[in-house]
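# Close look at the chain arrangement
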Number of protein chains: 2
Amino acid sequence: MRYGAIEAGGTKFVLAVIDEDMQIVARERIDTRLPAETLADVFTFFDANQVDAIGIGAFGPIDINKKSATYGFVKATPKPGWRDFDFLGAMKAWRDIPYFWTTDVNVAAVGEQQLGAAKGINNLVYLTIGTGIGAGIIQNGQLLSGFGHPEAGHISLHQHPDDTEFKGVCPYHGTCFEGLAAGPSLQARYGVPAVELGQEHAAWQVEAYYIAQALVNYSLILSPERIVLGGGVMHQQMLFPMIRESFVAQMADYAQVPNLDEYIQPIALADDAGVLGCALLAKYALEQQ
Amino acid sequence: MRYGAIEAGGTKFVLAVIDEDMQIVARERIDTRLPAETLADVFTFFDANQVDAIGIGAFGPIDINKKSATYGFVKATPKPGWRDFDFLGAMKAWRDIPYFWTTDVNVAAVGEQQLGAAKGINNLVYLTIGTGIGAGIIQNGQLLSGFGHPEAGHISLHQHPDDTEFKGVCPYHGTCFEGLAAGPSLQARYGVPAVELGQEHAAWQVEAYYIAQALVNYSLILSPERIVLGGGVMHQQMLFPMIRESFVAQMADYAQVPNLDEYIQPIALADDAGVLGCALLAKYALEQQ
Ligand SMILES: Nc1ncnc2c1ncn2[C@@H]1O[C@H](COP(=O)(O)OP(=O)(O)O)[C@@H](O)[C@H]1O
Ligand SMILES: Nc1ncnc2c1ncn2[C@@H]1O[C@H](COP(=O)(O)OP(=O)(O)O)[C@@H](O)[C@H]1O
Ligand SMILES: [Zn+2]
Ligand SMILES: [Zn+2]
């Protein structure tokens, strides 16, 4: 069998073909334009590279509720042309093979869980902190979903004592986690791109505090066995020990968690987590047929 | 078959026998004293009222991780004698029948899900707001657990603009959800028991704001299909519309949720949720044998 992967981001799509041994045998990157143009490239790629099933991890919010009339649609995105687009329907109209339809963060969570930083772990939070903040959650070996998919980047937090004046940059909530701690918030607060702040900059104490506060809340609600952190901001490796230290202080000994060096970890698969997760979910969709 | 229920609270234990039709055929209430004395009464009750399996919902924190060496133990409670007590082990030593071991809020969640306010719902948050705040979470028809059980009453929140001076009463976190919004926080803030505050008191706007903020966070992380609220504080029925209104304002249209009158509901089983949940879980334990 050969599995197809569509990592559908707001800026770029990554398309790939993966074999039974989970080796990536073809890969292509295309720019995200209007739906029709973008999907035309997707069809061309998979016409040239036949696969038996496809996993799709799409930028959200998307409708993953199978009971919903708009299951398979992209929802309220500001991205021109994509709002209320029937993504999954367009794929099925092109070729009626098994699909697994979920979010971009969920496919990366599955990749890291089965092949990366959380191998053998059944209860996982995968968090990406980049332009936005998104979480993929695995509970009992299954992707967590209910009425919809998690939007855990938008939880409310209280502000760091040195950061009480900052209004946050989330257009919906101002000072939610994403509004306080995603890459653009650093640029808004300090006037330079996050990558240009020196490692000694006071920004990182504040950043670690917010990330740790969110992880404490995820831990109290979900009790995961591991939390894996990725995304552009987490390239700042010195954040990891700072986050662990702040986590201990903010949890205040309340709930038990595993050893923190294992509990809070960086991603292991770098850019491959998404496409490998898509392939694993494509395989699952095929087996469920 | 006859199922036993042990609702083990910090103040009282409720013991019950439930038949195949989920009718409560015997019930007794005993005071919680030292473990040996309390369990002696439990054994006496179930010696006189034979059952085939027992569900136990215990005050926490407790160890529900089957991989742990202290599975079945009560953990770091301030309650004299109970810390590190092997509750499940003591039950098994008395009689080797099937047990289901979980938290007091989890058994109530199961009761409400199968027989109460969330019948037919597979993804549920059950929240009790009383002396403390505790949550039982059902995902995909299963009680959510990972490394341990949820402690979702202790998540951090930001403070209401009219309440920024209050230090909170949680001994661990000060201003966590429980520290800001459980019954004792109202007493600490206003100097009278919550039940004596008039329905028009400004306290309830603040209370509704905190409860709504926590529900927004649970919704963003878990995407449940329904949230059921119980506990002493929720006897103030006028809180429900206030919570729904504040929920809408704080969610700021971000994530889709079901119709709010259905989404945020009071409990339906009153004091029976716990023992019925114990019985349903006892039945499950017996079937898993
Ligand atoms: N080395 C770095 N250090 C700190 N921040 C970074 C770094 N690299 C990228 N970022 C920030 O991360 C964000 C981009 O995140 P990324 O995960 O690369 O992309 P996206 O989230 O758009 O998929 C930008 O806001 C950028 O400022
Ligand atoms: N009618 C009421 N209105 C407001 N608060 C109440 C009411 N009844 C009880 N409470 C508060 O709820 C708490 C007790 O919660 P309850 O759920 O009855 O017990 P517990 O949590 O100890 O099992 C107390 O702090 C009390 O002040
Ligand atoms: Zn937000
Ligand atoms: Zn607390």
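Nothing here was measured: the structure is a model prediction, and the numbers come from that model.

### Here we look at helix α7 (residues 239-251) of chain A
All names here are of chain A. Between its first and last C-alpha atoms α7 spans 18 Å; for 13 residues at 1.5 Å apiece the expected length is 18 Å, and the two agree. Among the residues of α7, those classed as buried are Leu239, Phe240, Met242, Ile243, Arg244, Ser246, Phe247, Gln250 and Met251. Looking at the buried residues of α7, the elements they touch are α6 (203-222), β9 (226-230), α8 (260-263) and β10 (264-266). Once α7 finishes, alanine 252 follows within two positions and takes phi at roughly 55 degrees, a positive value.

### Here we look at the coordination of the zinc ion (ligand 4)
All names here are of chain B. Coordination of the zinc ion (ligand 4) by the protein is provided by His154 (ND1), Cys170 (SG), His173 (ND1) and Cys176 (SG), with metal-donor distances spanning 2.1 to 2.3 Å. In the primary sequence, the donor residues of the zinc ion (ligand 4) line up as H-x15-C-x2-H-x2-C. Pair noted here: histidine 154 is in the loop between β8 (142-143) and α4 (177-181) and histidine 173 is in the loop between β8 and α4, with a separation of 19 residues, a long-range link. For histidine 173, a relative accessible area of 18% translates into the label buried.

### Let's talk about the domain arrangement of chain A
Residues and elements named next belong to chain A. Partitioning chain A into structural domains gives domain 1 (2-104 + 270-287) and domain 2 (117-266). The gap between the C-alpha centroids of domain 1 and domain 2 is 27 Å. The interface is formed by nine residues belonging to domain 1 together with eight residues belonging to domain 2. When the buried area of domain 1 at its contact with domain 2 is split by residue, Ile64, Asn65 and Thr103 rank highest and sum to 53% of it.

### Some details on the coordination of the zinc ion (ligand 3)
Only His154(A) (ND1), Cys170(A) (SG), His173(A) (ND1) and Cys176(A) (SG) from the protein reach the zinc ion (ligand 3) as donors, at distances of 2.1 to 2.3 Å. Here the zinc ion (ligand 3) binds four donor atoms, and the angle range of 103 to 120 degrees at the metal identifies the geometry as tetrahedral.

### Notes on the sheet that holds strand β7 (residues 133-139) of chain B
Residue and element names in this part refer to chain B. What the five strands build is an open sheet, ordered β8-β7-β6-β9-β10; its pairing is mixed. With one partner strand each, in any of the chains shown, β8 and β10 (264-266) form the two edges of the open sheet. Two elements, strand β6 (residues 124-129) and β7, share six bridges in a ladder whose sense is antiparallel. If you follow isoleucine 129 over to β7, its bridge partner there is isoleucine 133. Along the sheet face, helix α3 (residues 104-115) touches β6, β7, β8 and β9 (226-230) and points at about 50 degrees away from the line of β7.

### Quick word on the site of ligand 1
Residues and elements named next belong to chain A. As a matter of local geometry, ligand 1 sits amid Gly130, Thr131, Gly183, Pro184, Ala194, Val195, Gly231, Gly232, Val233, His235 and Gln236. One of the side-chain nitrogen or oxygen atoms of threonine 131 is found 2.6 Å away from an oxygen atom of ligand 1. Starting from 560 Å² of accessible surface for ligand 1 in isolation, the protein chains cover 62%.

### A few points about the site of ligand 2
Residues and elements named next belong to chain B. Lining the immediate environment of ligand 2, one finds Gly130, Thr131, Gly183, Pro184, Ala194, Val195, Gly231, Gly232, Val233, His235 and Gln236. Between ligand 2 and glycine 232, the relevant distance is 2.9 Å, taken from an oxygen atom to a main-chain nitrogen or oxygen of the residue. In this structure, a nitrogen atom belonging to ligand 2 sits 2.7 Å away from a side-chain N or O atom of glutamine 236. About the coverage of ligand 2: the protein hides 60% of its 560 Å² of free accessible area. Across the shell around ligand 2, the residue classes break down as four nonpolar, seven polar and no charged.

Reading the values: the criteria
Residues numbered from 1 in each chain as written. Chains lettered and ligands numbered in written order. Predicted model: local features only at pLDDT ≥ 70, side-chain atom pairs only at ≥ 80, totals over all residues. Heavy atoms only, no water. Helix = DSSP H or I, 4+ residues; strand = E, 2+ residues; numbered from the N terminus. Expected span 1.5 Å × (residues − 1). Buried < 20%, exposed > 50% of the residue type's maximum accessible area, 1.4 Å probe, protein only. Contact = heavy atoms within 4.5 Å. Donors = N, O, S within 2.8 Å, 3.2 Å for Na, K, Ca; no water. Domains from an automatic or database assignment. Buried area = accessible area lost by both parts, 1.4 Å probe. Tetrahedral: all angles 85-135°; square planar, octahedral: opposite > 155°, others 65-115°. Pairing = 2+ DSSP bridges. Axes fitted to C-alpha atoms, helices over the stretch in contact; angles between N-to-C directions. Near = heavy atom within 4 Å. Polar contact = N/O pair within 3.5 Å; in protein donor to acceptor, adjacent residues only side chain to side chain. Areas by Shrake-Rupley, 256 points an atom, 1.4 Å probe, with all protein chains shown as cover. Nonpolar A, V, L, I, M, F, W, Y, C, P; charged D, E, K, R; others polar.

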